[in-house]
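Remarks on the overall topology
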Amino acid sequence: MRKIFIFCLLAFFSAHIATQAQTKARPKVGGPCEGCNLLFSGIPKAMNSVDTSAGWEEKGASKILIKGIVYQQDGKTPAPNVVVYYYHTDTKGHYTPNASVPKGAERHGYLRGWVKSDQNGNYAIFTIRPASYPGTDILAHIHVTIKEPKFKVPYYIDEFLFDDDPFMTPERRKGHQNRGGNGILKLVKNGNGLWVAKHDIVLGLNIPNYPR
Ligand SMILES: [Fe+2]
């Protein structure tokens, strides 16, 4: 009996050490990301390639549509089933939580949602234009986190910014990592008065530790 106990104990510790070694051997895709795991907080069981944020019907808000294709690393092959999680401030520059936001995710506010790219890589987000943090010249932005089917952990890509942001400067225009592609959106008004920006996402582009 004692021998069996010792054997089990040794087997347990060997497995533990092996797991630790594996974890150390594989650096985290995307590098450190504080808050990326909030992508999972409240994530719907079923996701569509199109999402409309809770702000869509708000009076006085500027409605925008961000749409594009998620591509594989080669920048040509569409990537299906990729989760794109977004969250942003409201028209006053606040991340305001409401009853729909799960505990722990309050700092992302209620203007958050998910899309899953379709078989052709398409995604579309209908939302409202966020504002800069109150009293600051920080560029208005939409945070974007990606969860690929082949990875357990999500990683962030460039924030979506706005080309016509009054606080945009040449330095700020250049000062981005271009993770997944350049996040500066150019909004164009369509025939229905909706501001539309096309933005494709290239998986792995400028993402640290991304397997090549
Ligand atoms: Fe932010």
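The present account deals with the structure reproduced in this document. (Residues numbered from 1 in each chain as written. Predicted model: local features only at pLDDT ≥ 70, side-chain atom pairs only at ≥ 80, totals over all residues. Heavy atoms only, no water.)

1. A few points about the coordination of the iron ion
Distances from the iron ion to its protein donors, Tyr 95 (OH), Tyr 133 (OH), His 141 (NE2) and His 143 (NE2), fall within 1.9 to 2.1 Å. The coordination sphere of the iron ion comprises 4 donor atoms, whose angles at the metal cover 92 to 158°; the geometry is irregular. Each donor residue of the iron ion lies on the same chain, and together they follow the pattern Y-x37-Y-x7-H-x1-H. Placement of Tyr 133 in the loop between strand 5 (122-128) and strand 6 (142-147) and of His 143 in strand 6 is noted, with a sequence separation of 10 residues between them. Judged by its relative accessible area of 27%, Tyr 133 falls in the partly exposed class. Here His 143 falls in the buried class, since its relative accessible area comes to 17%. (Donors = N, O, S within 2.8 Å, 3.2 Å for Na, K, Ca; no water. Tetrahedral: all angles 85-135°; square planar, octahedral: opposite > 155°, others 65-115°. Helix = DSSP H or I, 4+ residues; strand = E, 2+ residues; numbered from the N terminus. Buried < 20%, exposed > 50% of the residue type's maximum accessible area, 1.4 Å probe, protein only.)

2. Describing the side chain of His 108
Mapped onto the fold, His 108 is located in the loop between strand 3 (83-88) and strand 4 (112-116). With relative accessibility at 3%, the residue His 108 sits in the buried group. Looking at His 108, its side chain comes within polar contact range of the side chain of Tyr 85, at 2.6 Å. Filtering out sequence-adjacent residues up to four positions away, His 108 remains in contact with Gly 35, Leu 38, Tyr 85, Tyr 87, His 88 and Tyr 95. (Polar contact = N/O pair within 3.5 Å; in protein donor to acceptor, adjacent residues only side chain to side chain. Contact = heavy atoms within 4.5 Å.)

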